[in-house]
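Close look at the chain arrangement
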Amino acid sequence: MAEKMVCCHECDELLHIPQTQKEGRLKCPRCGTVLLRQKKGMVEIMYALSIAAAILFLLTNYFPFLSFHVVGNTSHANFMTSIVYLFGEGDWLIGIAVLMTTVVVPLIRIGLMLSLFGPIYHGIIPPYTVLALKVLSHSLPWAMLDVFLVGVFVSMVKLVKMGTIVPGLSLWAFMVMVFVMAAMQVVFDPHPLWEKVDERRRQKGMA
Amino acid sequence: MRAIELGMTNCHVCNQVVKLPKHKGEGTVLCPRCGEEVHLRKPNSIQYTWALVIASIILYIPANVLPMMEVETFAGTQADTIISGVIYFLETGSYLIASVIFIASIIVPITKLIILIYLLVSVQKKSPLHKKKRKKLYVLTELIGKWSMVDVYVVAIMIALVHFGGLTEIKAGDGATYFLLVVVVTMIAAMQFDPKLIWDTEIQEKRETDAGNA
Ligand SMILES: [Zn+2]
Ligand SMILES: [Zn+2]
């Protein structure tokens, strides 16, 4: 039977495994890192989750996030409000960081997931697959919506003593989105997609 | 068998196993599948990680001394550092929030730096001990790093909501910028460290035992 090699990214152990892998996880015998986690239905689940995440992202950024009332004054905030104020005050480093980690990187990731799993679900391997997978791999550590959610809870507790906090529609959408994106990260397995890239390369080579 | 013994390694993006040429100086090797640069070990991993760890220790001082947030009211300006924020929550009885901030802003960055220093020192001493545990510690530093951003986000949200044109204003303090830099620099430090170095002592041990048997 044809074999292929897998190298553990944590400890450098080299494994020889059968070319056609059955379902299930493959653990590194030396260090215990999960190297492969072939799951059935990954493409379908990812397609559904990325559609959900895209809709929730639009809702989150369109409607007000939190409203705050203090003695006759009301302010509404959504994602962009804080970024606009930060830039206005000259705190551009913090502004860029908040913009990148809570808007730009998550949006790019959702967009890439959607444009990968949409066509793949319909049996087409898009020509930008390699680029999309590379960007997904590099951007992962910089998507921080889950951390932002904790920041929202802390701010609410801080502000509750100063006035009235009214959660907006988009706060609920945002909370669901954080869970959807966490689920995406658990389900997402780039390995079968890289194998599809390989397959296409082999076919091209033969033609 | 470890890949380095065959001059092979995995591409850090697509995990393709790549064989590298025996002689260095033949230019960079690109992954045949995704085109990313491939190295047997991350180049200058230990030096870069040390430099970034030291930089974050230095940045961590102004991050704690300078205010994260300045609240301006008619009564005057009140500046809050990380610690005074934690104390405020403790005094007002919000123990859960106090511990969230304490863990995210103080425990997480310090733990991360201590783990990275331990990993660097143990790798430089070629320690053969606790390899699995050290691998777990490394995975932990990668997981917890971004959670330190909580306090920076709190400042950003407070600025957006407490904005009533002159009446009460909240501004980000310089401490917030330094703290943001601590988070980013420690995250890059963890990325620069090559966990495979933890296990590389075995090549040496094997060579030594081979030499002993001969
Ligand atoms: Zn391993
Ligand atoms: Zn590659």
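The structure under discussion appears in the preceding block.
This report concerns the structure included in the present document. From a predicted model like this one, the values you see are computed outputs, not experimental measurements.

What chain A contains, in helices and strands, is seven helices and seven strands. Element order for chain A, N to C, with α for helix and β for strand: β-β-β-β-α-β-β-α-α-α-α-β-α-α. On C-alpha atoms alone, chain A measures out to a radius of gyration of 21 Å, which is more than a quarter above the 17 Å that the 2.2 N^0.38 rule sets for 207 residues. Classification of the 207 residues of chain A by burial places 47% in the buried group. Taking contacts inside chain A between residues at least 6 apart in sequence as the whole, the part at least 24 apart equals 60%. Carbon and sulfur atoms form 68% of the exposed surface of chain A, whose accessible area is close to 10000 Å². One way to put it: in chain A the 17 positive side-chain charges average out to a point 3 Å from where the 13 negative ones average out.

Looking now at the coordination of the zinc ion (ligand 1). All names here are of chain A. Around the zinc ion (ligand 1), the protein contributes the donor atoms C8 (SG), C11 (SG), C28 (SG) and C31 (SG), which lie 2.2 to 2.4 Å from the metal centre. Note that the zinc ion (ligand 1) binds four donor atoms; their angles at the metal cover 104 to 117°, and the shape is tetrahedral. Sequence positions of the residues that donate to the zinc ion (ligand 1) give the spacing C-x2-C-x16-C-x2-C. In this pair, C11 is assigned in the loop between β1 (3-7) and β2 (14-18) and C31 in the loop between β3 (24-27) and β4 (34-38), connecting sequence segments 20 residues apart. Considered together, C11 and C31 belong to a single accessibility category, that of buried residues.

So, on to helix α3 (residues 92-121) of chain A. For α3 of chain A, spanning 30 residues, the distance from its first C-alpha to its last is 41 Å, which sits close to the expected 44 Å at 1.5 Å a residue. Just downstream of α3 of chain A, G123 of chain A is the residue with a positive phi angle, here 85°.

Another aspect to go through is the packing of aromatic side chains. Throughout the structure, instances matching the rule amount to eight aromatic pairs over all chains. A ring pair is formed by F65 of chain A and F174 of chain A, whose centres lie 5.4 Å apart and whose planes are at 65°; its orientation type is edge-to-face. Taken together, the residues span a long stretch of sequence, with F65 of chain A in the loop between α1 (42-62) and β5 (66-70) and F174 of chain A in helix α6 (residues 169-187) at a distance of 109 residues. Look at F65 of chain A and you get buried, because its relative accessible area is 5%. Ring geometry for F148 of chain A versus Y153 of chain B: centroids 5.0 Å apart, planes at 75°, classification edge-to-face. In this pair, F148 of chain A is assigned in helix α5 (residues 145-160) and Y153 of chain B in helix α5 (residues 150-161), connecting two distinct chains. This pair shows no difference in class: F148 of chain A is buried, exactly as Y153 of chain B is. By the ring-pair criterion, three or more aromatic residues cluster together here, those being F65, F148 and F174 of chain A together with Y153 of chain B.

Residue and element names in this part refer to chain B. Within the first shell, the zinc ion (ligand 2) binds the protein through C11 (SG), C14 (SG), C31 (SG) and C34 (SG), at distances of 2.2 to 2.3 Å. Of note is the zinc ion (ligand 2), whose four donor atoms meet at the metal with angles of 102 to 115° in an arrangement that counts as tetrahedral. Motif for the zinc ion (ligand 2), donor spacing along one chain: C-x2-C-x16-C-x2-C.

What follows concerns the environment of F57 of chain A. Residue and element names in this part refer to chain A. Among the structural elements, F57 can be located in helix α1. When the C-alpha atoms of F57 and P167 are compared, they prove to be 17 Å apart, with 110 residues separating the residues in sequence. What F57 contacts, discounting residues up to four positions off in sequence, is T102, V103, P106, L107, I110 and M177.

This next bit is on the sheet that holds strand β5 (residues 69-73) of chain B. Residues and elements named next belong to chain B. Read from one edge to the other, the open sheet built from three strands follows the order β6-β5-β7, with strand pairing classed as antiparallel. With partners counted over all chains shown, the strands left at the sheet margins are β6 (76-80) and β7 (169-172), one partner each. With strand direction ignored, the average angle separating the axes of adjacent strands in the sheet is 20°. Relative to β7, β5 is paired through four bridges, and the arrangement is antiparallel. Bridge pairing links E72 to E169 in β7.

We now examine the pattern of salt bridges. Counting across every chain of the model gives ten salt bridges over all chains. Here R201 of chain A makes a salt bridge to D198 of chain A, at a shortest N to O gap of 3.5 Å. In this pair, R201 of chain A and D198 of chain A both sit in helix α7 (residues 191-206), three residues apart, roughly one turn of the helix. Look at the salt bridges and you will find they share partners, linking D12 of chain A together with R2, R41, K196 and D200 of chain B into a network.

Between chain A and chain B, the residue contacts involve 61 residues of the former and 65 residues of the latter. Of the roughly 5600 Å² buried where chain A meets chain B, counting both sides, 70% is carbon and sulfur surface. Ranking the residues of chain A by area buried against chain B places E10, D12 and K158 of chain A at the top, with a combined share of 13%. In this structure, the connection of chain A to chain B is made through five salt bridges. The closest approach of N and O atoms between E36 of chain B and K134 of chain A, which form a salt bridge, is 3.4 Å. For the pair chain A and chain B, the number of links is 17 residue pairs in polar contact (both at pLDDT 80 or more). Secondary structure elements with two or more residues in the side of chain A that touches chain B: β1, β5, β6 (73-77), α2 (79-88), α3, α4 (129-139), α5 and α7 of chain A.

Attention now goes to a positive patch on the surface. There is a patch of like positive charges on the surface, built from R25, K27 and K39 of chain A together with K132, K133 and K136 of chain B. Breaking the positive patch down by element, the ones donating at least two residues are β3 of chain A together with α4 (131-144) of chain B. Ranked by the residues each element gives to the positive patch, the list is headed by α4 of chain B, at three residues. When you line up the elements, K27 of chain A lands in strand β3. Given a relative accessible area of 48%, K27 of chain A falls into the partly exposed group.

What counts, and at which threshold
Residues numbered from 1 in each chain as written. Chains lettered and ligands numbered in written order. Predicted model: local features only at pLDDT ≥ 70, side-chain atom pairs only at ≥ 80, totals over all residues. Heavy atoms only, no water. Helix = DSSP H or I, 4+ residues; strand = E, 2+ residues; numbered from the N terminus. Rg over C-alpha atoms; globule rule 2.2 N^0.38 Å. Buried < 20%, exposed > 50% of the residue type's maximum accessible area, 1.4 Å probe, protein only. Contact = heavy atoms within 4.5 Å. Areas by Shrake-Rupley, 256 points an atom, 1.4 Å probe, with all protein chains shown as cover. Lys, Arg positive; Asp, Glu negative; His and termini not counted. Charge placed at Lys NZ, Arg CZ, Asp CG, Glu CD. Donors = N, O, S within 2.8 Å, 3.2 Å for Na, K, Ca; no water. Tetrahedral: all angles 85-135°; square planar, octahedral: opposite > 155°, others 65-115°. Expected span 1.5 Å × (residues − 1). Phe/Tyr/Trp six-rings, centres within 6.5 Å; stacked < 30°, edge-to-face > 60°. Pairing = 2+ DSSP bridges. Axes fitted to C-alpha atoms, helices over the stretch in contact; angles between N-to-C directions. Salt bridge = Lys/Arg side-chain N within 4 Å of Asp/Glu carboxyl O. Buried area = accessible area lost by both parts, 1.4 Å probe. Polar contact = N/O pair within 3.5 Å; in protein donor to acceptor, adjacent residues only side chain to side chain. Patch = residues over 30% accessible without salt bridge, like charges linked within 9 Å, V, L, I, M, F, W, Y side chains within 5 Å.

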